[in-house]
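# Architecture and fold: a report
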Amino acid sequence: MGPSGVDSLSYCFTFGRSVMKAGQTVSATLAIKNSSGHTIAFSDGPPGQGCAINVQTALNGSHLTITPAFPDDCELQPILATGITTLQVPVSTTYSTCTMTEQPTQTTPTCIGNGGMPPLPTGDYTVTLVASSGDPFTQVAPKHLNLTN
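Our subject in this report is the structure included herewith. (Residues numbered from 1 in each chain as written. Predicted model: local features only at pLDDT ≥ 70, side-chain atom pairs only at ≥ 80, totals over all residues. Heavy atoms only, no water.)

## Some details on the nonpolar core
Formed by 30 residues in total, the largest nonpolar core has its most connected members in Phe42 and Phe137. The set of elements that each furnish at least two residues to this core consists of strand E1 (9-14), strand E3 (25-34), strand E5 (55-61), strand E8 (83-92), strand E9 (123-131) and strand E10 (143-148). Apart from residues no more than four positions distant in its own chain, Phe137 is found in contact with Tyr11, Leu30, Phe42, Val55, Leu129, Val130 and Ala131. (Core = buried A, V, L, I, M, F, W, Y, C linked by side-chain atoms within 4.5 Å. Buried < 20%, exposed > 50% of the residue type's maximum accessible area, 1.4 Å probe, protein only. Helix = DSSP H or I, 4+ residues; strand = E, 2+ residues; numbered from the N terminus. Contact = heavy atoms within 4.5 Å.)

Listed below in structure tokens is the structure:
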């Protein structure tokens with residue numbers, strides 16, 4: 001399920017970088033245009049109920065896909081006023097999990113330092129928007145990203 005009135009929403013995803021150093025986190029911008037003529041709760045339930053739809057990015061490389069983990073807690077629903085609402089969405093170029101004790105794998109490498117996430121391998125990735133509920137971003141074009149040392 002997605003936000004009520006989803007047909008009245010359009011999205012613009014901008015990410016001003018096509019090359020960056022692996023291990024960095026920067027923000028992309030998601031502009032949501034509400035042309036419904038009324039406010040819309042961006043949630044996984046009817047207005048006044050349900051949890052906010054969290055928006056994050058996923059990175060997909062030739063041999064590796066990093067998908068975000070969404071928090072279990074239920075945040076207050078953002079209300080999308082008519083017009084344009086702008087959200088900052090983090091783009092992280094580190095692994096989302098690592099291990100200090102178990103045998104490392106391609107998707108769960110050894111942590112660095114005191115449990116820090118290691119940088120992703122260098123190479124080309126696509127950056128896509130993902131939502132914690134529903135799939136409102138199917139029409140949003142992914143962005144290209146090249147990670148360097």
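## Observations concerning the environment of Leu9
Looking at where Leu9 falls in the secondary structure, it is placed in strand E1. Expressed as a C-alpha distance, the spacing of Leu9 and Ile84, which sit 75 residues apart in the sequence, is 9.5 Å.

## What to know about the environment of Leu147
Relative to the helices and strands, Leu147 resides in strand E10. In this view, Leu147 contacts Met20, Ala22, Thr93, Leu120, Pro121, Thr122, Gly123 and Tyr125; residues no more than four positions away in its chain are not counted.

## Quick word on the sheet that holds E3
Taking strand neighbours across the sheet as the criterion, the three strands line up as E1-E3-E8 in an open arrangement whose pairing is antiparallel. The outermost strands of the open sheet, each flanked by one partner alone, are E1 and E8. The mean angle between the axes of side-by-side strands here comes to 25°, regardless of whether they run parallel or antiparallel. In this structure, E3 lies alongside E8, joined through ten bridges in antiparallel fashion. Looking at the pairing, Ala28 lines up with Val89 of E8. (Pairing = 2+ DSSP bridges. Axes fitted to C-alpha atoms, helices over the stretch in contact; angles between N-to-C directions.)

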